[in-house]
Structures are given as C-alpha cells and as structure tokens.
Amino acid sequence: MPFLGPVAAAVVGGLVGEFGLGGGFWMVLGCALVGGFAPIVGYRVWKWSHHKRVD
C-alpha cells in the first residue's frame, strides 16, 4: 500500500491543478504532498491497529 504514495500525489496534484483551488503552485504542491503521504500513513495506522488487536 505505501507504494501508492507517488501515484496518489500525482492524482491529487493533477486534480487540484485542473480544477484549481485558487492557490497556484504552492497549493498544488501542498495538496500533492498530503495526498502522497496519506496512503503511507493510512497503511501504518492500519498495521498498528491490526497488530494491536491480534496481541
């Protein structure tokens, strides 16, 4: 799942750039960074939650 980070960053950045949020380059970059790290953080939280329930 963490390998989806770059793909998610590209998709989020492209969507924000296409439909625009009025922030220009920095808005697109920030959204791409958040979107890129979301799958990684989500995977870590899921793994932590799963291991906590099993033990």
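Residues numbered from 1 in each chain as written. Predicted model: local features only at pLDDT ≥ 70, side-chain atom pairs only at ≥ 80, totals over all residues. Heavy atoms only, no water.

Describing the overall build of the chain
Okay, so step 1: Within the chain one finds 2 helices and 0 strands.
Okay, so step 2: Here the chain holds 55 residues, and 18% of them are scored as buried.
Okay, so step 3: Surface exposure of the chain reaches about 4,200 Å², of which carbon and sulfur atoms provide 75%. (Helix = DSSP H or I, 4+ residues; strand = E, 2+ residues; numbered from the N terminus. Buried < 20%, exposed > 50% of the residue type's maximum accessible area, 1.4 Å probe, protein only. Areas by Shrake-Rupley, 256 points an atom, 1.4 Å probe, with all protein chains shown as cover.)

Details of helix 1 (residues 5-19)
Okay, so step 1: The terminal C-alpha atoms of helix 1 lie 21 Å apart, and with 15 residues this matches the ideal 21 Å at 1.5 Å per residue to within 8%.
Okay, so step 2: All of the buried residues in helix 1 are G5, A8, A9, G13 and V16. Along helix 1, the residues classed as buried sweep out an arc of 125 degrees about the axis, all on the same side. In helix 1, the exposed positions that point more than 90 degrees away from the buried face belong to A10, E18 and F19.
Okay, so step 3: One or two steps after helix 1, the chain reaches G20, where phi turns positive at roughly 65 degrees. (Expected span 1.5 Å × (residues − 1). Arc of directions from axis to C-beta.)

Looking at a nonpolar patch on the surface
Okay, so step 1: Taken together, the side chains of F25, W26, L29, L33, F37, V41 and V45 present a nonpolar region at the surface, about 760 Å² in accessible area.
Okay, so step 2: In this structure W26 comes out as exposed when scored by relative accessible area, which is 63%. (Patch = residues over 30% accessible without salt bridge, like charges linked within 9 Å, V, L, I, M, F, W, Y side chains within 5 Å. Salt bridge = Lys/Arg side-chain N within 4 Å of Asp/Glu carboxyl O.)

Concerning the environment of V16
Okay, so step 1: As for its position among the elements, V16 is in helix 1.
Okay, so step 2: V16 gets classed as buried once you look at its relative accessible area, which sits at 13%.
Okay, so step 3: With 11 residues separating them along the chain, V16 and M27 place their C-alpha atoms 8.0 Å apart.

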